[in-house]
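# Working through the structure, step by step
The residues making up each chain are set out below.
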Amino acid sequence: MTASDAERKLRELSFLHEVAQLASSARDWDEMLRVVIGRTTDAMGAEVSSLYLLERSDGLLRLVATNGLNRGGIGRATLRVGEGIVGWVANARIPLAARDVRTDPRWKWVPEVDEKRFTSMLSVPVVARDEVIGVMNVQTVQPRDFGREEIDFLQTIANQVAGIIEKGRLQRESDRKLREVSALFEVSNVLTSTLDLDEVLSLIVDRLVRVYPGASGAILLREEGEAVRERARSGEIGKTAGAAAQRALDERRPIVAFDHIAVPLIANDRLLGAVVLQVPDYKEFLEEEVRFVGALANQAALAIDKASLYALERKTTESLRELERARSDFVAVVTHDLRTPLSVIRGHLEMLAEKNGKSKLPISEATSQVLRLDQLVDRILAGVRTDRPELSLRRTRFDLRATVMAALKEVAPMARRHKLSGPRAGQPVFVRGDRRRTAEVVAGLVHNATKYAPQGTRIAVKIERAGDRAIVRVQDQGRGVPPNERSRIFEPYARGAGNDEVPGSGIGLFASRRVVEAQGGDIWVEDAPDGGAVFAFSLPLARETASAASR
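We now turn to the structure provided with this report.

Analysis parameters
Residues numbered from 1 in each chain as written. Predicted model: local features only at pLDDT ≥ 70, side-chain atom pairs only at ≥ 80, totals over all residues. Heavy atoms only, no water. Axes fitted to C-alpha atoms, helices over the stretch in contact; angles between N-to-C directions. Helix = DSSP H or I, 4+ residues; strand = E, 2+ residues; numbered from the N terminus. Parallel < 35°, antiparallel > 145°, perpendicular 65-115°, else oblique. Left-handed = near helix turned anticlockwise from the far one by under 90°. Contact = heavy atoms within 4.5 Å. Nonpolar A, V, L, I, M, F, W, Y, C, P; charged D, E, K, R; others polar. Expected span 1.5 Å × (residues − 1). Buried < 20%, exposed > 50% of the residue type's maximum accessible area, 1.4 Å probe, protein only. Polar contact = N/O pair within 3.5 Å; in protein donor to acceptor, adjacent residues only side chain to side chain. Pairing = 2+ DSSP bridges.

### Some words on the packing of helix α11 (residues 435-452) against helix α12 (residues 508-518)
One can describe the packing of α11 onto α12 by two numbers: an axis separation of 10 Å at closest approach and a directional angle of 155°. Classified by the interaxial angle, the pair formed by α11 and α12 is roughly antiparallel. Note that α11 runs across α12; the crossing there is left-handed. Across from R437, V441, L445 and N448 in α11, the residues of α12 making contact are L509, S512, V515 and V516. Across the contact of α11 with α12, the residue classes tally to five nonpolar, two polar and one charged.

### Describing α11
Here α11 is 18 residues long and its end C-alpha atoms lie 26 Å apart, about the 26 Å a rise of 1.5 Å per residue gives. Buried residues dominate α11, accounting for 14 of its 18 residues. Where α11 begins, the capping side chain belongs to D434, and its oxygen is found 3.1 Å from the backbone nitrogen of R436.

### Concerning the environment of V36
Along the chain, V36 turns up in helix α2 (residues 29-43). Spatially, the C-alpha atoms of V36 and Q160 are 9.4 Å apart, while their sequence positions differ by 124 residues.

### Comments concerning the sheet that holds strand β10 (residues 260-267)
In space, the five strands of this open sheet follow the order β8-β7-β11-β10-β9, with antiparallel pairing throughout. The open sheet terminates on both sides in strands that have one partner only, identified here as β8 (228-234) and β9 (255-256).

### Concerning the environment of W524
You can see W524 is positioned in strand β17 (residues 523-527). Counting along the chain gives 37 residues from W524 to S487, while the straight-line C-alpha distance between them is 9.0 Å. Setting aside chain neighbours within four positions, we find W524 in contact with I471, R473, F490, V534, F535, A536, F537 and S538. A distance of 2.8 Å separates the side chain of W524 from the side chain of E526, its partner in a polar contact.

### Points about unusual backbone geometry
Positive phi is not limited to glycine here, since R93 has a value of about 65°. Note that R93 resides in the loop between α3 (84-92) and β4 (96-98). A positive phi angle, close to 55°, is found at R252, a residue other than glycine. Within the secondary structure, R252 is located in the loop between α6 (239-251) and β9. For R252, a relative accessible area of 36% puts it in the partly exposed group.

Just distances and angles here, no functional claims.
Take a look at the structure:
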């Protein structure tokens, strides 16, 4: 061995040692390959070195690194296996040295990459785990006969590169599997800690795309009428991936393509929706990756099924509560309606006791109130038999003034210890609603006034028109209602502060509000001009009356 040979061997060994050190310490494998390719040019005494890697899914060799060729071809320049010198080496799995590529029938010109000034070329296969994964090349401007030692040296470098690629692949696979396990663990934890479907679906999509940096994902759910709606998304989903999600729904199976995968969401044989993942520049999904996306899809399906069962249970419970509230309100309102006729009966009976035969006794009035009680009992029984009790109304056109006067006549015995006055005589005020129910509201408001206004004070009932409405006001001279209590005084079982000594259940004003609002009116409380309270309610004027009022 000559001194020059020894020096060359020493340089080769030094270079291989440097590559080995870089391979053991590098974290960015793509940058590592670029460094090795660059150093190879000098180590081989060439003007060009390049690396093509095999994409097994479509049998293409793609340029991934070069030093000396047009770098614009990186990622774009491709050759098929068997095509050109690079493709021939990949197919034959043996090195090939060409003194002049222009005379070699296996040579193929790659536009925008190759240059005519390069003459000689040495290509060796890059092999990992007994499989060709790429081809490594060096090229020179001057014609050159590559000797056995140079071929072996480049092959050794290619073997080192194969180790770097394999190590990078294993590292990336390890990192991916770690992210997959972490994602499944986090999703599993959320499934046991919350029933919020949107929160769970958002987390599933977020953890899915984290496994594949730069990826996008979405979950689509079927709704009533076979419509499909996107419920969670991260990033932008392309049209092709969106179409794959629809196919997964239609065919009830996973759809796997080069850069996207769509998996149907199925729980208890029910098709719930689909999850779709899109990874830019991805070439092929491995079988274990498909299984991982399927596992997340199963978690999503469980979450959807669990949430839907919870929502159904909650809806059923709420419906039962609403039904119970409706029953309770109905019974409370109708039961309260019993109080007014009872008070009238009591008033008549007290009058009987007071008169003691000195005048004709109003027995017929007491009898009519008993008939009203009988009707109320019928209403209670009918309502109890109904699955969803509702307030029944008989809407007609009636004279509000006459109805109020009749109601005041009925309750007069109950208000005999107060100065009860009705509206002034005048033209009829026609409204549209339930005449009997409206009379009950007037009687209830007067009854309410007798409880809170001192004996001997005035209770005045007035009627007025206001636009397309008629307003009835019941004014007393009691203590009034403080402003801070007026927003709740019409709620069920609400009573004013300091009224504990006054008998009552707090349902009367709620009952009146329910009847008035059911007729399209409003009810409210305001201050009386001389102290006390004014309880007022409105009803829509009948069409003819409203037209006349506008004129």
